[in-house]
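Listed below are the residues making up each chain.
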2 protein chains.
Amino acid sequence: MATSSSEIHVAVDLTVLTLRDGALNVLLIQRDDEPHRGAWALPGGFVQLGEDLDGAAYRVLADEASLGSGAVHLEQVRTFGTPGRDPRGHVVSVAFMALGADLPDPRRGEDVADARWWALEELAEVKLAFDHATVLDCAVERARSKLEYTTLAATFLPEEFTISQLRGVYESVWGTTLDAGNFHRKATRTEGFLEELDRHAAPTGGRPARLYRAAGGTSLMPPLLRSGD
Amino acid sequence: MATSSSEIHVAVDLTVLTLRDGALNVLLIQRDDEPHRGAWALPGGFVQLGEDLDGAAYRVLADEASLGSGAVHLEQVRTFGTPGRDPRGHVVSVAFMALGADLPDPRRGEDVADARWWALEELAEVKLAFDHATVLDCAVERARSKLEYTTLAATFLPEEFTISQLRGVYESVWGTTLDAGNFHRKATRTEGFLEELDRHAAPTGGRPARLYRAAGGTSLMPPLLRSGD
DNA sequence: CACAGTTCTGGTCATCGTGACTCCATCTGC
DNA sequence: GCAGATGGAGTCACGATGACCAGAACTGTG
């Protein structure tokens with residue numbers, strides 16, 4: 001479908017991000033079809049007539065990444081439509097980012113030779129298909145900046161988590177280290193960010209950490225800026 | 001063109017903003033065709049095969065708003081693609097915002113019954129065509145928040161301007177009043193924001209204000225938050 | 001010309017958020 | 001019991017901010 005060149009075609013491309021072993025990972029699929037057969041690419045697909053953009057993104061998430069919509073934060077990032085970005089014709093692609101907590105290894109979907117998680121650092125020498133390197137950069141930068149002024153970081157964690165785990169999210173996504181005490185003060189004092197629970201996590205060689213859950217708020221005021229803390 | 005329902009069509013919609021008499025204004029066109037004939041709508045049009053998204057936006061700016069690309073800041077906001085948002089079929093629309101300094105009154109373009117500037121407050125009781133009320137809200141909110149952490153405010157002003165004029169931009173777009181002294185300190189001390197000139201503006205009943213020009217920077221660090229200053 | 005009114009610009013001061021740092025609590029493992 | 005690790009609280013100096021004040025430099029009026 002959708003390979004004629006008399007019409008503009010609409011697609012979605014997904015940058016699916018999760019944390020694995022304290023590193024930011026992105027899900028890539030290896031293409032089994034031309035163009036760019038054998039190259040690694042972001043999961044994506046054409047939007048079907050009458051289909052919602054978000055719906056198409058969730059469908060791709062299920063088909064190509066075998067991930068359900070549960071516990072995944074999906075958000076539109078930007079739309080790429082430069083003619084020539086896809087050799088099959090004029091394809092306008094709506095880029096999404098999807099964030100989830102420790103997502104499982106993908107099973108191979110249709111039209112896909114392989115699918116796996118990549119740590120972002122591994123990708124330095126990998127040539128992605130189409131303009132997906134740009135799309136990926138755009139989505140990662142969006143995720144990094146949204147951690148600053150929203151409560152999005154919790155979507156990288158299970159329902160209940162410790163402050164250290166939350167700090168680990170920031171450190172992994174931003175690629176920095178943060179002062180534990182200052183981060184603790186900031187996270188616990190910011191209204192609408194965390195809800196304190198009465199239980200503690202199993203100790204890991206130190207004092208057991210109190211468990212928290214994401215509170216209702218979505219915006220962080222004042223923000224938690226990257227330049228320090 | 002582009003009214004069949006066997007394909008998805010791609011369009012651009014523009015939220016063109018400027019300041020007129022100290023109020024934020026948006027450019028609307030009155031539709032001369034079905035659907036929504038006679039209703040006010042954002043300028044927009046279908047993207048042509050082989051055309052860049054930004055190119056389509058600039059073309060619409062010229063055709064429907066008779067505005068050249070000079071001195072207009074154009075930026076993608078979000079893409080709307082819910083089926084049913086356009087009765088002609090499945091139309092995916094990439095929303096842009098365009099900001100300019102005291103833009104001229106538009107001349108009527110093609111397929112347009114009328115075109116004029118509307119102060120945002122006037123629009124409370126106006127029913128816009130399609131989902132353009134949502135698109136407009138989204139673009140205005142984007143503009144408001146980008147004033148906080150970028151140097152975008154200067155695009156609402158002529159090349160040379162005073163601090164008071166710059167403060168007026170913030171006050172008009174945010175709908176607040178800011179302390180003149182504090183704003184002056186903040187604007188002049190933030191690196192990369194303003195370049196001081198050796199000339200002064202013609203006095204308006206008080207001490208003449210020094211003229212400034214936008215410096216090279218694009219991001220405001222630290223940001224200028226809406227909650228005060 | 002004196003004076004009020006206006007606007008621009010620089011200043012003071014209390015407060016608050018922040019980064020660097022210290023200290024104690026509470027666990028594991030030896 | 002003790003070393004080592006982690007969690008959580010506190011201290012302190014500094015910089016940014018909001019509220020407010022004062023002088024500079026103009027216009028307009030009596």
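As the structure is a prediction and not an experimental result, all values here were calculated from the model. (Residues numbered from 1 in each chain as written. Chains lettered and ligands numbered in written order. Predicted model: local features only at pLDDT ≥ 70, side-chain atom pairs only at ≥ 80, totals over all residues. Heavy atoms only, no water.)

1. Topic: the relation of the copies chain B and chain A
Part 1 of the argument: Of the transformation placing chain B onto chain A, the axial shift is 0.0 Å and the rotation is 180 degrees, giving an RMSD of 0.0 Å. A rotation of that kind, with that shift, is consistent with a two-fold axis.
Part 2 of the argument: Comparing interface residues between copies, 100% of those in chain B also sit at the interface in chain A, which points to an isologous, same-surface contact. (Least-squares fit on C-alpha atoms with pLDDT ≥ 70 in both. Contact = heavy atoms within 4.5 Å.)

2. Observations concerning the environment of Glu160(B)
Residue and element names in this part refer to chain B.
Part 1 of the argument: Tracing the chain through its elements places glutamate 160 in strand S8 (residues 160-161).
Part 2 of the argument: A relative accessible area of 27% places glutamate 160 in the partly exposed class.
Part 3 of the argument: Those residues within four positions of glutamate 160 in sequence are excluded, and the remaining contacts are Gln165, Leu197, Arg199, Leu211 and Tyr212. (Helix = DSSP H or I, 4+ residues; strand = E, 2+ residues; numbered from the N terminus. Buried < 20%, exposed > 50% of the residue type's maximum accessible area, 1.4 Å probe, protein only.)

3. With respect to the domain arrangement of chain A
Residue and element names in this part refer to chain A.
Part 1 of the argument: For chain A, the assigned domains read domain 1 (9-147) and domain 2 (150-214).
Part 2 of the argument: For domain 1 versus domain 2, the distance between C-alpha centres works out to 28 Å.
Part 3 of the argument: Taken residue by residue, the interface counts 15 residues in domain 1 and 12 residues in domain 2.
Part 4 of the argument: Between domain 1 and domain 2 lies a buried interface of about 1300 Å² when both sides are counted; carbon and sulfur atoms form 70% of it.
Part 5 of the argument: There are zero salt bridges connecting domain 1 and domain 2.
Part 6 of the argument: Counting across the interface, domain 1 meets domain 2 through six residue pairs in polar contact (both at pLDDT 80 or more).
Part 7 of the argument: Going through the elements one at a time, strand S1 (9-20), strand S2 (23-31), strand S6 (91-100) and helix H2 (132-149) are the ones with two or more residues in the side of domain 1 that touches domain 2.
Part 8 of the argument: Residues that form the side of domain 1 that touches domain 2 fall into these classes: eight nonpolar, four polar and three charged. (Domains from an automatic or database assignment. Buried area = accessible area lost by both parts, 1.4 Å probe. Salt bridge = Lys/Arg side-chain N within 4 Å of Asp/Glu carboxyl O. Polar contact = N/O pair within 3.5 Å; in protein donor to acceptor, adjacent residues only side chain to side chain. Nonpolar A, V, L, I, M, F, W, Y, C, P; charged D, E, K, R; others polar.)

4. Side note on the pattern of salt bridges
Residues and elements named next belong to chain A.
Part 1 of the argument: One pass over the full model with this rule turns up 32 salt bridges over all chains.
Part 2 of the argument: Across the pair aspartate 32 and arginine 37 runs a salt bridge, and its minimum N-O distance is 3.8 Å.
Part 3 of the argument: Given a relative accessible area of 31%, aspartate 32 falls into the partly exposed group.
Part 4 of the argument: Put simply, Asp13, Arg85 and Asp131 are held in one network by salt bridges that share partners.

5. Concerning the side chain of Gln76(A)
Part 1 of the argument: Along the chain, Gln76(A) falls in strand S5 (residues 72-80).
Part 2 of the argument: With a relative accessible area of 15%, Gln76(A) lands in the buried category.
Part 3 of the argument: Here the side chain of Gln76(A) touches Thr79(B) through a polar contact of 2.7 Å, landing on its backbone nitrogen.
Part 4 of the argument: Apart from the residues within four sequence positions on either side, Gln76(A) is in contact with Leu53(A), Val94(A), Ala95(A), Phe96(A), Arg142(A), Arg78(B) and Thr79(B).

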